[in-house]
Amino acid sequence: METTEVRLSKSSRVEYKEPQKIKTIRIRDIFLVGIGVLAGILIGLLLPSRLPGARIALSDTLLADGEIALEAINNKILEWESGYSGSTGLAALSNRSPEYIATNRTFDAAQALGTLPTGDQESFVSSLLENTSEPEEYIRARWRLYKIIVGYGLNEIQGLAVEAFLRTPRQLFVREKNLARAYHDTWLSIGYGATITDPDVVAMMTTTLDVKPGMKVLEIGTGSGYQSAILSNLTNEVYSIEIIEPLYYETNELYKELAAEYPSYNNISRKLGDGYYGWIKYAPFDRIIVTCAIDHLPPPLQQQLSPGGIMVVPLGRPGRQYIMEVKKTVDEEGNIVITRRDVYNGLSVKFIPFRNESGTSYSSK
Ligand code: SAH
């Protein structure tokens, strides 16, 4: 909040003067005083709207794409889109920390990888029609979206990320009212002020993360579950943390429901909690993906990243971040070296804030 310092100028000091001779009041003087008073009232009414501060903050909250972020920061009651009313459902109840830990794994990413034809549309479509219950229109829509992302020419989707992306039914992770937009390249509301990330950004973050079978991956911000579902095609050990309690439960249920057809989702260990502190019990992680915005690298996450590991994180101030690839290496003298690289050609993104349990953003304003 800006503060304005008011100083009295020399000329505005009130000084006492000896009364001089009494003047006679004329009609012209009354008229002039009247005009002065009116002008004063007008200036008084108009001035506040031109001052920076509260009004600017208010108009920011009304900007469509700043809306989610600011609502979340302020931890307001959200009835927005989801129809959910009540608190934002933060995991403030620290004594309750439900979790699901993957044990008895029935899916092996290493075996499945490479079995989906990704070279041409028709072989891809017929393979999925044969092996899943997905309607053809969604399978084709996903192929088209993949081609659109490739067409951007930004190398956002490459290597194993292609198969992981093409295997993952985004329509099952969006809210019902957004089904028609499941394969538009855009983020969508999933309630509670959270969003499912834009497919091209998911593709790029997955490509950058460069997950190989056998690696241990930690995601901060489970949200809809879409990103972790993609990752579960690449390795058997995916861990994900979500801070919004009802969202944690919704996605947990969804994974359970879908696991019959997509057994890789059973390999996703998940918990309700504050991901700022990572998941020490299962650390270190070969890969960490942060899907909420923060202006610094949380020290616990740096610590829990294996030497040689990669972290992908939207780094920047609230409202504007850059997708960073963070690498942790150890030099000849045994020092830990952290390097950062913008992987999105300087393009900015807007993720919802990384918040603590009381709803406050971890980023300084
Ligand atoms: N990866 C998600 C993106 C969800 S948006 C998807 O694929 O749908 C980001 C998510 O980060 C939100 O669900 C938000 O609640 C969560 N989040 C914010 N701060 C967090 C924290 N401290 N710990 C864990 N999750 C957090």
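Residues numbered from 1 in each chain as written. Predicted model: local features only at pLDDT ≥ 70, side-chain atom pairs only at ≥ 80, totals over all residues. Heavy atoms only, no water.

**Student:** When you look at the environment of glycine 309 in this model, what are you seeing that I'm missing?
**Tutor:** Relative to the assigned elements, glycine 309 resides in strand 8 (residues 305-315). For the pair formed by glycine 309 and aspartate 286, sequence separation is 23 residues and the distance between their alpha carbons is 4.8 Å. (Helix = DSSP H or I, 4+ residues; strand = E, 2+ residues; numbered from the N terminus.)

**Student:** What is the right way to read the pairing of strand 6 (residues 268-272) from this model?
**Tutor:** Successive residues of a regular strand alternate their side chains across the two faces of the sheet. Within strand 6, five of the five residues are buried, which leaves it mostly tucked inside the rest of the structure. Judged by which residues are buried, strand 6 turns out to be covered on both faces: Ile268, Arg270 and Leu272 on one side and Ser269 and Lys271 on the other are all buried. Of the pairings in the sheet, the one linking strand 1 (residues 99-100) to strand 6 comprises two bridges and is antiparallel in character. Residue pairing in the sheet places tyrosine 100 in a bridge with arginine 270 of strand 6. Examined bridge by bridge, strand 5 (residues 237-242) and strand 6 share five bridges and lie parallel to one another. Following the sheet pairing, valine 238 is matched in strand 6 by isoleucine 268. Crossover handedness for the path strand 5 to helix 10 (residues 245-258) to strand 6: right-handed. (Buried < 20%, exposed > 50% of the residue type's maximum accessible area, 1.4 Å probe, protein only. Pairing = 2+ DSSP bridges. Right-handed = clockwise from strand over helix to strand, strands pointing away.)

**Student:** Sorry if this is basic, but what is going on with helix 8 (residues 199-209) here?
**Tutor:** Counting buried residues in helix 8 gives 11 out of 11 residues, a clear majority hidden from the surface. All of the buried residues in helix 8 are Pro199, Asp200, Val201, Val202, Ala203, Met204, Met205, Thr206, Thr207, Thr208 and Leu209. Where helix 8 ends, the next residue or the one after it, aspartate 210, has phi of about 50°, a positive value.

**Student:** Whenever I open this one, the site of the ligand confuses me. Can you help?
**Tutor:** Around the ligand there are 26 residues in total, and Ser224, Glu242, Asp274, Gly275 and Arg355 lie nearest to it. At 2.9 Å from a nitrogen atom of the ligand is found a main-chain nitrogen or oxygen belonging to glycine 221. Out of a free accessible area of 580 Å², the ligand has 100% covered by protein chains. A majority-of-atoms criterion places the ligand in the largest pocket. Mapped by element, the contributors of at least two residues to the shell around the ligand are strand 3 (194-196), strand 4 (216-220), helix 9 (226-231) and strand 5. The element that contributes the greatest number of residues to the shell around the ligand is strand 3, accounting for three residues. When its residues are assigned to classes, the shell around the ligand shows 12 nonpolar, 10 polar and four charged. (Near = heavy atom within 4 Å. Polar contact = N/O pair within 3.5 Å; in protein donor to acceptor, adjacent residues only side chain to side chain. Areas by Shrake-Rupley, 256 points an atom, 1.4 Å probe, with all protein chains shown as cover. 1 Å grid on protein atoms, 1.4 Å probe; cavity = no way out; pocket = protein on both sides within 12 Å on 5 of 7 lines; lining within 4 Å. Sits in = over half its atoms within 2 Å of the grid points. Nonpolar A, V, L, I, M, F, W, Y, C, P; charged D, E, K, R; others polar.)

**Student:** Quick question: what am I supposed to make of unusual backbone geometry here?
**Tutor:** The phi torsion of most residues other than glycine is negative, and most of the peptide bonds are trans. Here the bond from alanine 283 into proline 284 is cis, since omega is 0°, no more than 30 degrees from zero. Mapped onto the fold, proline 284 is located in the loop between strand 6 and strand 7 (285-290). Phi is positive for asparagine 155, close to 55°, though the residue is something other than glycine. With respect to the secondary-structure elements, asparagine 155 resides in the loop between helix 6 (136-151) and helix 7 (160-167). On the basis of relative accessibility, which here comes to 55%, the residue asparagine 155 falls in the exposed class. Positive phi values are uncommon outside glycine, yet asparagine 345 reaches one of about 50°. Accessibility expressed as a relative area gives 57% for asparagine 345, which makes it exposed.

**Student:** I'm lost on the packing of aromatic side chains in this one. Help?
**Tutor:** For any two aromatic rings, the description comes down to two numbers: the centre-to-centre distance and the angle of the planes. If you walk through the whole model with that rule in mind, you get 17 aromatic pairs. Ring centres of tryptophan 143 and tyrosine 146 lie 5.3 Å apart, and the angle between their planes is 70°; on these two criteria the pair is classed as edge-to-face. Within this pair, tryptophan 143 and its partner tyrosine 146 are both found in helix 6, separated by three residues, close to a single helical turn. Residue tryptophan 143 is classed as buried on the basis of its relative accessible area of 5%. Judged by relative accessible area, which is 9%, tyrosine 146 ranks as buried. Centre to centre, the rings of phenylalanine 354 and tyrosine 362 are 5.5 Å apart; their planes meet at 80°, and the pair counts as edge-to-face. Assessed through its relative accessible area of 17%, tyrosine 362 is described here as buried. Three or more aromatic residues joined by ring pairs form one cluster here, namely Phe173, Tyr226, Tyr255, Tyr262 and Tyr265. (Phe/Tyr/Trp six-rings, centres within 6.5 Å; stacked < 30°, edge-to-face > 60°.)

**Student:** Explain a nonpolar patch on the surface here, please?
**Tutor:** Taken together, Val330, Ile336 and Ile338 make up a surface patch of nonpolar side chains, about 240 Å² in accessible area. Following the sequence through the fold, isoleucine 336 ends up in strand 10 (residues 336-342). (Patch = residues over 30% accessible without salt bridge, like charges linked within 9 Å, V, L, I, M, F, W, Y side chains within 5 Å. Salt bridge = Lys/Arg side-chain N within 4 Å of Asp/Glu carboxyl O.)

**Student:** Where do I start with empty space enclosed by the protein in this structure?
**Tutor:** Here the idea is plain: a probe the size of a water molecule rolls over the atoms and shows the empty space left. Following the criterion strictly, the structure yields one cavity of 30 Å³ or more and no others. In this structure, the largest cavity spans a volume of roughly 40 Å³. Every residue lining the largest cavity is counted, 12 residues in all, and those nearest its centre are Ala293, Pro318, Gly319, Gln321 and Pro353. Here the lining of the largest cavity is built from residues that sort into six nonpolar, five polar and one charged. (Points joined across faces, edges and corners; volume = space filled by probe spheres on them.)

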